[in-house]
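Topology and contacts: notes
Here is how the chains run, residue by residue.
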Amino acid sequence: MSYNKISVVILGHGDRLKKALITVILGKDLSQVSKRNVLKSTEIYEDNSYVVTGAPDIHTSCEDIRELFAINQHPHMSLMVVEDGFSTEEVWQQIEMLHRITGRPTEEFRVLLPLKSKHPDSYPFKCCTLGEVFNKLSKLTEGRHLMPTDKRYTDHPEPERSTQGTEMEVTGNHSGTKVNLVLLGMAGTGKSASGNTILGKPLFKSTTSSSLTTTECQVAETEIGGRHVRVIDTPDIFDDEIKSSVKSKHVRKCKELCQEEPCVYLLVMRASRFIEDERDILKKLEKAFGSRVQEQTVILFTRGEDLWRAKISFENFLHDCQPDLKKIVEKCGRRCVLFENSDSRSPQVEELMKTVSRMFK
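This write-up is about the structure you can find in this document.

Criteria and thresholds
Residues numbered from 1 in each chain as written. Predicted model: local features only at pLDDT ≥ 70, side-chain atom pairs only at ≥ 80, totals over all residues. Heavy atoms only, no water. Helix = DSSP H or I, 4+ residues; strand = E, 2+ residues; numbered from the N terminus. Buried < 20%, exposed > 50% of the residue type's maximum accessible area, 1.4 Å probe, protein only. Contact = heavy atoms within 4.5 Å. Polar contact = N/O pair within 3.5 Å; in protein donor to acceptor, adjacent residues only side chain to side chain. Core = buried A, V, L, I, M, F, W, Y, C linked by side-chain atoms within 4.5 Å. Salt bridge = Lys/Arg side-chain N within 4 Å of Asp/Glu carboxyl O. Phe/Tyr/Trp six-rings, centres within 6.5 Å; stacked < 30°, edge-to-face > 60°. Pairing = 2+ DSSP bridges. Right-handed = clockwise from strand over helix to strand, strands pointing away. Lys, Arg positive; Asp, Glu negative; His and termini not counted.

1. Structural notes on the overall build of the protein
- Summing up its helical and strand segments, the protein has 12 helices and 13 strands in all.
- For the protein, the proportion of its 361 residues judged to be buried stands at 55%.
- Sequence-distant contacts in the protein: of pairs separated by 6 or more residues, those separated by 24 or more amount to 71%.

Structure representation (structure tokens):
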């Protein structure tokens, strides 16, 4: 490792948030960055200015973390990522554990706060915001005459603390050309058919029946407008008749598949049918993927041909739909697209990708 480079260690649970933060720091897709593995579960990403280490989970790899800090004795920053709604007590316990394992003062470990968190002074541990991370990195690069990999490091404004969570702030600034599109919805809404429309070919098994066709998470990939798109088709995780253990298994698998690239959830619903079980679908979605998931969600309405046959425009449908459905639309930022799945690779797919691109801007 070059001693002139800035060394950053990223700690915390789950690879998704850690890799998202590493991507932001380096300013490029991780597939374009030199990577090497050290110890058992530690990955190091390096460019001309930074050496960023993704540390393993403290609860499963205490010895690896001890060795990591023995090798990298003086990192410039040690950041811990946490999910929105984190437990202050649990995070403090992790920091004390890091202190015991590494022998470093607790003040060396800083928690990267989600944007809706309380003021940094409200916590017993050291905290920072994403803007403060950028500003410190900018000063470190200037002090070493290094080139920041991202212009956002220069005079980075502090983001509004009332808008989006850490996850969307991280993924929203993603500069790569890859994206995961996760199809979610109840059985019979047209998830698999919509996936095939996006892919431009029938790779997912699809029927017109409301019975379960997809029983395991499936993945297929394509290129759309120069962007690498991974489409993830999922089983129904919203039906109350399905065992919780089965639904939890599907959610875990889906999260594993989404760890590498930024993720957009496509909530698939039929335009011509809004059923009772869908009234609380956002609550179920938040329970599965976190309280900020709606900010990464696009509602994909299927059966567009039913609206056209009834001579109802999509705009009028959204304006006149049932109050409970209208609430769901509003909570998802009115990000909606309409699909007719018999019409593959038409402007409807382009409209979806435009919506996805706007989310990352």
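2. Let's talk about the environment of Ala193
- The residue Ala193 is located in helix H6 (residues 191–199) in this model.
- For Ala193, a relative accessible area of 17% puts it in the buried group.
- A C-alpha to C-alpha distance of 9.4 Å links Ala193 and Glu340, two positions 147 residues apart in sequence.
- Ignoring anything within four residues of it in the chain, the contact list for Ala193 reads Ser206 and Asn341.

3. What to know about the side chain of Thr102
- Counting through the fold element by element, Thr102 comes out in helix H3 (residues 88–102).
- Here Thr102 falls in the buried class, since its relative accessible area comes to 17%.
- Within the structure, Thr102 has its side chain in polar contact with the backbone oxygen of Leu98 (distance 2.7 Å).
- One polar contact links the side chain of Thr102 to the main-chain amide nitrogen of Arg104, over a distance of 3.2 Å.
- Residues within four places of Thr102 in sequence aside, it is in contact with Ile65, Phe69 and Phe109.

4. Concerning the nonpolar core
- Grouped together as the largest cluster of nonpolar side chains are 36 residues, with contacts concentrated most on Phe289, Phe301 and Phe317.
- Elements with a minimum of two residues in this core: strand E8 (178–184), helix H7 (244–257), strand E11 (263–270), helix H8 (281–289), strand E12 (297–302), helix H10 (314–320), helix H11 (323–331) and strand E13 (336–338).
- It is H8 that provides the largest number of residues to this core, a total of 5 residues.
- Counting 24 residues, the second largest nonpolar core, distinct from the first, contains Val8, Leu112, Val133 and Leu140.

5. Looking at the pattern of salt bridges
- Tallied over the full model, the rule gives 18 salt bridges.
- Its salt-bridge partner being Glu46, residue Lys5 comes within 2.8 Å of it at the nearest N-O pair. You can see Lys5 sitting in the segment before strand E1 (6–12) and its partner Glu46 sitting in strand E3 (residues 42–46), a full 41 residues away along the chain.
- Salt-bridge contacts for Glu43 lead to Lys19; the nearest nitrogen and oxygen are separated by 3.9 Å. Placement of Glu43 in strand E3 and of Lys19 in helix H1 (residues 15–26) is noted, with a sequence separation of 24 residues between them. The pair Glu43 / Lys19 is uniform in exposure class, with both members buried.
- Through salt bridges with shared partners, a single ionic network connects Arg303, Glu305, Asp306 and Arg309.

6. Topic: the packing of aromatic side chains
- Under the defined criterion, the tally for this structure stands at 8 aromatic pairs.
- Centre to centre, the rings of Phe301 and Phe314 are 6.0 Å apart; their planes meet at 75°, and the pair counts as edge-to-face. Taken together, the residues Phe301 in strand E12 and Phe314 in helix H10 connect sequence positions 13 residues apart. Here the two residues Phe301 and Phe314 agree in accessibility, since each one is buried.
- Linked through ring pairs, Phe86, Trp92, Tyr123 and Phe125 together constitute an aromatic cluster.

7. Topic: unusual backbone geometry
- Its identity as a non-glycine residue notwithstanding, Lys311 has a phi of 55°, on the positive side.
- Structurally, Lys311 can be placed in the loop between helix H9 (304–309) and H10.
- Located in the positive-phi region is Arg334, a residue other than glycine, with phi close to 60°.
- Checked against the element boundaries, Arg334 lands in the loop between H11 and E13.

8. Thoughts on the pairing of strand E6 (residues 109–112)
- Across 4 bridges, strand E5 (residues 77–81) lies against E6 in parallel orientation. Across the sheet, residue Met80 finds its bridge partner in E6, namely Val111.
- After leaving E5, the chain enters H3 and then returns to the sheet as E6, a path that is right-handed.
- Examined bridge by bridge, E6 and strand E7 (residues 127–128) share 2 bridges and lie parallel to one another. In the sheet register, Leu112 faces E7, and the bridge partner there is Cys128.

9. Looking at the side chain of Lys191
- For Lys191, the position within the fold is in helix H6.
- Buried and unpaired, Lys191 has Asp233 as its nearest opposite-charge partner, separated by 5.5 Å.
- At a separation of 3.0 Å, a polar atom in the side chain of Lys191 contacts the main-chain carbonyl oxygen of Gly185.
- At a separation of 3.4 Å, a polar atom in the side chain of Lys191 contacts the main-chain carbonyl oxygen of Met186.
- Not counting chain neighbours up to four residues away, the residues in contact with Lys191 comprise Leu183, Leu184, Gly185, Met186, Asp233, Thr234, Pro235, Asp236 and Val268.

10. A few points about the pairing of strand E10 (residues 227–233)
- Most of E10 is tucked away: 7 of the 7 residues are buried.
- Relative to E10, E8 runs parallel, the two sharing 6 bridges. Across the sheet, Lys178 pairs through a bridge with His228, a residue of E10.
- Judged from the 7 bridges that link them, strand E9 (residues 218–224) and E10 form a sheet pairing that is antiparallel. When the bridges of E10 are listed, Gln218 appears paired with Asp233.
- Between E9 and E10, which follow one another and run antiparallel, lie 2 residues, and Gly225 among them has a positive phi close to 60°.

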